[in-house]
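Here are the chains, one letter per residue:
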Amino acid sequence: MAFPEDVLADEEEIVLHLRPHWKAAVAPVLILALTLTGLVLGWVKLPGTEAGRIGLLLVAAIMLYYAVRYGALPLLEWHATRYVLTTERILLQRGLLTRERRDLPLNRINDHALTQSLLDRLLGSGTLTVDSIGEQNVVLAGAPAAELVQSTLYELIELAPAGETEEEEQVG
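Residues numbered from 1 in each chain as written. Predicted model: local features only at pLDDT ≥ 70, side-chain atom pairs only at ≥ 80, totals over all residues. Heavy atoms only, no water.

Draft legend 1. Molecular detail of the sheet that holds strand β5 (residues 109-115). Across the sheet, three strands lie side by side as β5-β6-β7; this open sheet has antiparallel pairing. Two strands bound the open sheet, and with one partner strand each, they are β5 and β7 (137-143). Each neighbouring strand pair of the sheet contributes to a mean axis angle of 15°, computed without reference to strand direction. Here strand β6 (residues 126-132) runs beside β7; their pairing, made up of five bridges, is antiparallel. What sits directly across from Leu128, in β7, is Leu140. (Pairing = 2+ DSSP bridges. Helix = DSSP H or I, 4+ residues; strand = E, 2+ residues; numbered from the N terminus. Axes fitted to C-alpha atoms, helices over the stretch in contact; angles between N-to-C directions.)

Below is the structure:
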């Protein structure tokens, strides 16, 4: 799923287009595998009698609930989450049926911090918290290549005010 270009301003360009790190998809995939294993075990171990079929239906219902609730939905949410850094702002988009999109202009950012656990450091991911003027913040949880994202964000912030002052001088 590509990020919609019609959301961008005329001169705005996408610098980084990311989704959360793949480690967020590991647990849902394991849960899907475990629920499938539970269903197969129920099918193999339960007798072929009517009581066994009722038991298999009960096991199937329970496994289906867990597969959807803790496997498929988190996996789809991971797939639908996007972190986009452009030359003018940070866009955070998430949601399956209803979509939430947050924009944070680069010229309003006054701080950004990177938090990494030991596993995050090994995998190159991390959580980037971006604070802005007006007590708003954006959290890019599980950002892949987190150090690259942070350094790119720093470069974009440094370039943003210079571009604005040149435009103001041309107007004035």
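Once you've had a look at it, read on.
Draft legend 2. Here's a closer look at unusual backbone geometry. Phi is positive for Ala145, close to 50°, though the residue is something other than glycine. Inspection of the secondary structure assignment puts Ala145 in the loop between β7 and α4 (146-171). Taking relative accessible area as the criterion, Ala145 reaches 38% and is therefore assigned partly exposed. (Buried < 20%, exposed > 50% of the residue type's maximum accessible area, 1.4 Å probe, protein only.)

Draft legend 3. Focus on the environment of Val26. Relative to the elements of secondary structure, Val26 occurs in helix α1 (residues 23-45). A C-alpha to C-alpha distance of 8.8 Å links Val26 and Leu75, two positions 49 residues apart in sequence.

Draft legend 4. Quick peek at the pattern of salt bridges. Counted according to the given criterion, the structure contains two salt bridges. Here Lys23 makes a salt bridge to Asp120, at a shortest N to O gap of 2.2 Å. In this pair, Lys23 is assigned in helix α1 and Asp120 in helix α3 (residues 118-123), connecting sequence segments 97 residues apart. One salt bridge in this structure joins Arg89 and Asp103, with 2.6 Å as the shortest N-O distance. With a gap of 14 residues between them, Arg89 in strand β3 (residues 89-94) and Asp103 in strand β4 (residues 100-105) connect regions that are remote in the sequence. (Salt bridge = Lys/Arg side-chain N within 4 Å of Asp/Glu carboxyl O.)

Draft legend 5. Region of interest: the UniProt feature "transmembrane region" (unreviewed entry) in the protein. The UniProt record annotates "transmembrane region" (unreviewed entry) at residues 25-44 and 51-68. Taken as a whole, residues 25-44 contains 100% helix and 0% strand, while its terminal C-alpha atoms sit 29 Å from one another. Helix makes up 100% of residues 51-68 and strand 0%, with an end-to-end C-alpha separation of 26 Å. (UniProt positions renumbered as here; feature names shortened; annotations may be inferred.)

Draft legend 6. How the structure looks around a negative patch on the surface. Together, Asp10, Glu11, Glu13 and Glu88 line one region of the surface with negative charge. Counting through the fold element by element, Asp10 comes out in the segment before β1 (14-18). (Patch = residues over 30% accessible without salt bridge, like charges linked within 9 Å, V, L, I, M, F, W, Y side chains within 5 Å. Areas by Shrake-Rupley, 256 points an atom, 1.4 Å probe, with all protein chains shown as cover. Lys, Arg positive; Asp, Glu negative; His and termini not counted. Charge placed at Lys NZ, Arg CZ, Asp CG, Glu CD.)

Draft legend 7. Representation of the side chain of Ser125. Inspection of the secondary structure puts Ser125 in the loop between α3 and β6. Engagement of the side chain of Ser125 in a polar contact is seen with the side chain of Asp120, the distance being 2.9 Å. In contact with Ser125, not counting residues within four places along its chain, are His21, Lys23, Gln116, Asp120, Ala143, Pro144, Ala145 and Ala146. (Polar contact = N/O pair within 3.5 Å; in protein donor to acceptor, adjacent residues only side chain to side chain. Contact = heavy atoms within 4.5 Å.)

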